[in-house]
Structure formats: structure tokens, C-alpha cells
Amino acid sequence: MRFFTVMLRHTCRNMLLTWKSQGMTLFTVSLSVLIFSFFYLIYANALHLGAALDDDLRLIVYLDEEPPPPMQEEYRRKILKFDQVERIEFVDSAQAFKRFEQQLGDNRDVLGGVPADFLPPSIEVYPIRSMDSLSRIKRFSDYLQTLPGVLKVQYGKEWIERFYSFIQLMRVVIILSGSLLIMTTTFMVAHTIRLTLLSRQQELELLRLVGATNNYIRTPFLLEGALQGLLGAGSGMAALLLLFNWIKLQFAGPATSSLLPFTFFSWPVVLLIVGLATLLCVIGSFSAIRRFLQL
Amino acid sequence: MDTSPPEAMIDLIKVSKIYPPEVQAITDISLTVNRGELLFLTGMSGAGKTTLLRLISRMEKPSKGMIDVAGMDVAKLPQCKIHLLRRKIGMAYQDFKLLPERTVADNIAIAMEVVYRPKSSIEKRTRDLLEQLNLTQKYTARAGELSRGEQQRVAIARAVANWPEIILADEPTGNLDADTTARVMDLLHRHNRKGATILIATHDKTLYQQDTHRVIELSFGRMRAPQAEMPDADDAYGEFIPPVSEV
Ligand SMILES: Nc1ncnc2c1ncn2[C@@H]1O[C@H](COP(=O)(O)OP(=O)(O)OP(=O)(O)O)[C@@H](O)[C@H]1O
Ligand SMILES: [Mg+2]
């Protein structure tokens, strides 16, 4: 207990002594955390969105004629052999007609006189909702095209492909901003710790002379790194939350709020990001100690 | 503790120290200091007194020979165990080694903080020492603003603050008047009576002239024969001897 109060006092004194570079470091750390978590938030929401829009992920395989039950079994067997497929559903002409009627709603009288079997029967294939299956959807649809009796395979091609490349891009951006985060935090923290070490060289030497343990000398600097990480990442996260709410407010229409179900990180994710940033800072200060404090 | 058989606290065996490149500071010194002893170390400037004290507290490693302090082989002590040795030793450095930006109280407290003494006890001990050294007014003064003599007393206060088993005082009275010198010697004697082993390096003959304690004289890094009985008979450095003060 006494140990920690003494350590904390040392840490505070250190940080006050080099408050300018402390401020710089805090700013850099929080900015890096903000940038990284901003992109990560977009990515997470995009994934979420992709999973939510399952209807658009469905492939519709149009058939030239109503398949008899053994044929249906054949189709089922051939399609389900792909483990990316969650389930399939047969829709015959009559069902398709009924759905179409429902979609038209009040305008359904335009269908007057149209034969009930003018829509082709189809198979609706629901792939597993994951990015992995999205990436293979094109090859899968090519395969479905080769099945006998298939007129045409339809899916939200454009949309899915664009969405998929967006997700790919986001992955790259996240990796880049993540490495930026790692480099800036460790570098900046190591830099400030080095400044503190230099400004207190005389005292550190004296501490050693009067019988301080290595831990006694080291701990305040590790604590300083941890504090920088904690404060920096915390304020970065707070800034992101503010930004998030502001953006939400800008788009707050009656329709869009339900259309774009954006959500902030859950608590565990927030804690994870803050914890990782803190860990990085501790590593940064540790490397500075290793280099500049011959213990 | 005076009745128990003498036990070596500091034991030097044929110790030499050569500073790079070729400065022979200490040559072949063998010396045993018993627990509870008070010993004066004299010799002219450059004789190697400071070097000897630095060797004992492991601020330097000997070039040759063995040093044993409180049962520890000082030369072989690994870096991570040096604090065990340093905690047994309180040293008043010739150049004081005070932190000029910090207060007098902070400078003294630092020695007690590293062994996690409770705050109240630190404060009490600090005030007590300052009073004994006639520095009560300077509790919150910055160490850098003190006079040399005041700084010297703060350095001594820090050295004895933890009641160390061994006190090494390097020229503890160099900047002090007779009265204040007496106070400092009083403080050191008091710690000696409580069992501390004390080494005092000094030029000041008046410190030991009337004293019955052992005196060792260094000359060009070598030990002269003990001359505790008649230290002033050999005036190695014909300097002015101040009038004897009442120690
Ligand atoms: N760090 C060092 N590097 C090189 N030579 C040194 C070093 N420290 C001391 N010396 C030399 O070692 C010799 C002994 O020095 P030391 O400081 O031990 O003398 P001293 O007896 O304490 O003198 P004084 O009474 O003036 O304090 C001197 O010749 C000095 O020049
Ligand atoms: Mg000296």
C-alpha cells in the first residue's frame, strides 16, 4: 500500500515536470486511438449491416419448369452440398404470383387477366451470413447456373460486390491505422519517458545510492506509460463517442434512423481497445527504461 | 553489544583501485573495522580517502582485492542486490549530492522513502535531525539555496536518517565552524553509541586529536602505521592547526 502511494507520488511529480511533452503524448495517443477506432467502428457496423440485410444476400435460381419432387430432391442435394448454404426454399409459380400480388398491394388490379403461372418457378438459396460466403458468392452463382433446367441466377450482384470491396478496403485501412497506432503510441511514450528520465537523472542516481530497489526506480515510469495510455485511449474513445453521436444527430431523420442501424462499440470492445493501447504504452515505456536506465 | 566479541563489519583485504587509465588511487589496503567502531580516516588531499569510502559502498569496484561489508562480498554483489548493501550504509558525500530543486525535508526524506517508512515517521525523524543540526528554520527551504555549511549538515542528516548500521562521513565538517562541528560530531557519536559503525574521512585534526578512537592515515593510496596515540606528531601536510575546540 505504502509502495503504491510512494510510486504514485513519484509518477505525478514526473509527469508535472515534463507536462508539455506529456500533453503532446496524450494528444498523439488519443488521436491515434480515435483514428483507429473510428475506422474500426465503421467496419464493425458494415459487417453488422451486411448481416442484417439478409434478404439481399439471397440468390434466386429461376427454373424453366416446375420441378417434380424427385427433381427437387436432386436440386436440394446438389445445392446443400456446399457448406456455405444455410437453407433453400422452393417457390412455385403460384406462390410467386401471390407474393407479387402482395407487393403490389392496392395496385393489384393491373394483374387482372394475367395467367397465374406467368412467373417462373424458382429456388431461393440463402447463403450463410458471413463475409466469407459473400466473397464466394460469385463463384457459387456460376455453379448454380450450370445446373440443368436453370434459366438464370439472380442476386444483388452490384450491391454485394461493392459492399464486399468496401469491406476489403476497410480491412486494409484498419490494418494501416492499427500500425499507426502502435508506432505512434510506443514511439511517443518512449520519447516522453526518455525526457523524464533525463530530467531526473540526478535524482535517479541518488535513489540508487540510498538503496532503492530496481522496482522502486522503474515502477513510476511504467506507471507513467500506463497512465498515458489509459488517459489517451480514454479520451480518444470519448472523442469517438461524441463524434458518433454528432453524426447520428446529423442523419437523424424519421426514416434513416431505422434504415441505418448504427451502433457504438459494446463495453467489452471499448475496454479491449483502451486496454490494448495502455499495454502498448507500457511496452513503450519499458523499452525506454531498458535503453536509458542501466539497472 | 559492547561486551560481545568484536565482529568485523567492514573487511578489506589487499584492496587496490586503479582509475582508468593509470591513476593508482588505492594500493594494497587491508583494513578491518569492527561492528560499533568509530574510525577516523585521514591523509592529505588526494590520498584516496573518498575512493576508499566509495569502494565500501560499491560506488566503485576494486581493481584488486576483496571487500566484505556486513557479510556481503561487495565486489561480487550483483546489480539487483546492491540495494541491500546500500540500505545498511548511510553516506554523507563530500559533494553532498543534494537535489537543489527540492526542499531540505525532501532531501532527507528520500533515504527513508526508499525503504517505505510511513510518512509520519519520516516527518518526525526529519524534524528531529534538523533540530539537532540547528537547521529547524530550513525545513521547507530549497536545498540549492542553502549555504555550503547548511548543505553539508543536510547531507549528514540524510546519511544518518535511516539509523544505518554503517555511516560513512566524507569530510563531514569541512565547511563548518567550531560550534556546528561539535553538533555534527555529537550526532555521529550518538549514533555510534547506539551501535552504528562509523568511518569519518577528514583533514581536520581537531576532530580526532582528543578522541580515543582509532585513526588510520592514508598517504598516496597506502596505509601508514596506525598512529592513534599521537596523530599530531606527524604533520604530514603542514597546514594551520586551528585552536582546539571543545568537542
Ligand atoms: N573518478 C576518478 N577518475 C580518475 N581519477 C580519480 C577519480 N576519483 C579520484 N581520482 C584520483 O584518485 C586519487 C584519490 O582521490 P580521492 O578523491 O580518493 O582523494 P581524497 O583523499 O578524498 O582527497 P580529498 O581530501 O581532496 O577529498 C586522486 O589522485 C584523484 O585524482
Ligand atoms: Mg575526498
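Everything discussed here concerns the structure shown above.
These figures come from a predicted structure and were not determined experimentally.

*Asks:* Explain the overall build of chain A here, please?
*Replies:* The helix and strand inventory of chain A stands at 12 helices and 4 strands. Every one of the 295 residues in chain A was classed for burial, and the buried ones make up 39%. Long-range pairs, those at least 24 residues apart, make up 83% of the contacts in chain A between residues at least 6 apart in sequence. Element-wise, carbon and sulfur atoms account for 65% of the exposed surface of chain A, whose accessible area totals about 16,500 Å².

*Asks:* Help me understand unusual backbone geometry, please; the structure alone is not making it clear to me.
*Replies:* Residues apart from glycine generally show negative phi values, whereas peptide bonds are mostly found in trans. All names here are of chain B. Between P20 and the following residue, P21, the backbone shows a cis peptide bond with an omega angle of 0 degrees. On the secondary structure map, P21 appears in the loop between β1 (8-19) and β2 (23-34). With a phi angle near 55 degrees, K97 is a residue other than glycine that sits in the positive phi range. On the secondary structure map, K97 appears in the loop between β6 (89-92) and α3 (104-113). In the Ramachandran plot, W163 falls in the positive-phi region, its phi being about 50 degrees despite a non-glycine side chain. With respect to the helices and strands, the residue W163 is situated in the loop between α5 (148-160) and β7 (166-170).

*Asks:* Could you clarify how one ought to interpret the packing of aromatic side chains in this entry?
*Replies:* For any two aromatic rings, the description comes down to two numbers: the centre-to-centre distance and the angle of the planes. For the structure on display, the rule yields 10 aromatic pairs over all chains. Their ring planes at 75 degrees and their centres at 5.5 Å tell us that F3(A) and Y116(B) sit as a pair that is edge-to-face. With F3(A) in helix α1 (residues 2-17) and Y116(B) in the loop between α3 and α4 (119-132), the pair connects residues from two separate chains. Overall, F3(A) belongs to the partly exposed group, its relative accessible area being 23%. Relative to F264(A), the ring of F244(A) lies with its centre 5.4 Å away and its plane at 55 degrees, an arrangement referred to as tilted. Within this pair, whereas F244(A) is found in helix α10 (residues 214-250), its partner F264(A) is found in the loop between α11 (256-259) and α12 (267-292), the two being separated by 20 residues in sequence. By relative accessible area, which is 12% here, F244(A) ends up buried. According to the relative accessible area criterion, F264(A) is partly exposed, its value standing at 21%. Taken together, F36(A), Y40(A), Y43(A), F244(A), F264(A) and F265(A) form an aromatic cluster joined through their ring pairs. Above the plane of the ring of Y139(B) lies R127(B), whose end atom (NZ or CZ) is 3.9 Å from the centre.

*Asks:* Any chance you could explain the coordination of the magnesium ion (ligand 2) here in plain terms?
*Replies:* Ideal donor angles around a metal are set by the shape: a four-donor tetrahedron calls for 109.5 degrees, a six-donor octahedron for 90 or 180 degrees. At the metal site, the magnesium ion (ligand 2) is ligated by T50(B) (OG1) and Q94(B) (OE1), and these contacts range over 1.8 to 2.2 Å. Of this pair, T50(B) sits in helix α1 (residues 49-56) while Q94(B) sits in the loop between β6 and α3; the two residues are 44 residues apart in sequence, bridging distant segments of the chain.

*Asks:* Help me understand α1(B) in this model?
*Replies:* Owing to its 3.6 residues per turn, the α-helix aligns residues three or four sequence positions apart on the same side. Burial runs high along α1(B): 6 of the 8 residues are buried. Phi for R58(B), located one or two positions after α1(B), is positive at around 60 degrees.

*Asks:* Any chance you could explain the interface of chain A and chain B here in plain terms?
*Replies:* Interface size is commonly expressed as the accessible surface area that is lost when the partners come together. Contact with chain A, which involves 19 residues of that partner, is made by 22 residues of chain B. Carbon and sulfur atoms make up 58% of the area that chain A and chain B hide from each other, which totals about 2,000 Å². Between chain A and chain B we count 2 salt bridges in total. In this structure, R102(B) engages E203(A) in a salt bridge whose closest nitrogen and oxygen atoms are separated by 2.7 Å.

Reading the values: rules and limits
- Residues numbered from 1 in each chain as written.
- Chains lettered and ligands numbered in written order.
- Predicted model: local features only at pLDDT ≥ 70, side-chain atom pairs only at ≥ 80, totals over all residues.
- Heavy atoms only, no water.
- Helix = DSSP H or I, 4+ residues; strand = E, 2+ residues; numbered from the N terminus.
- Buried < 20%, exposed > 50% of the residue type's maximum accessible area, 1.4 Å probe, protein only.
- Contact = heavy atoms within 4.5 Å.
- Areas by Shrake-Rupley, 256 points an atom, 1.4 Å probe, with all protein chains shown as cover.
- Phe/Tyr/Trp six-rings, centres within 6.5 Å; stacked < 30°, edge-to-face > 60°.
- Lys NZ or Arg CZ within 6 Å of the ring centre and 35° of its normal.
- Donors = N, O, S within 2.8 Å, 3.2 Å for Na, K, Ca; no water.
- Buried area = accessible area lost by both parts, 1.4 Å probe.
- Salt bridge = Lys/Arg side-chain N within 4 Å of Asp/Glu carboxyl O.

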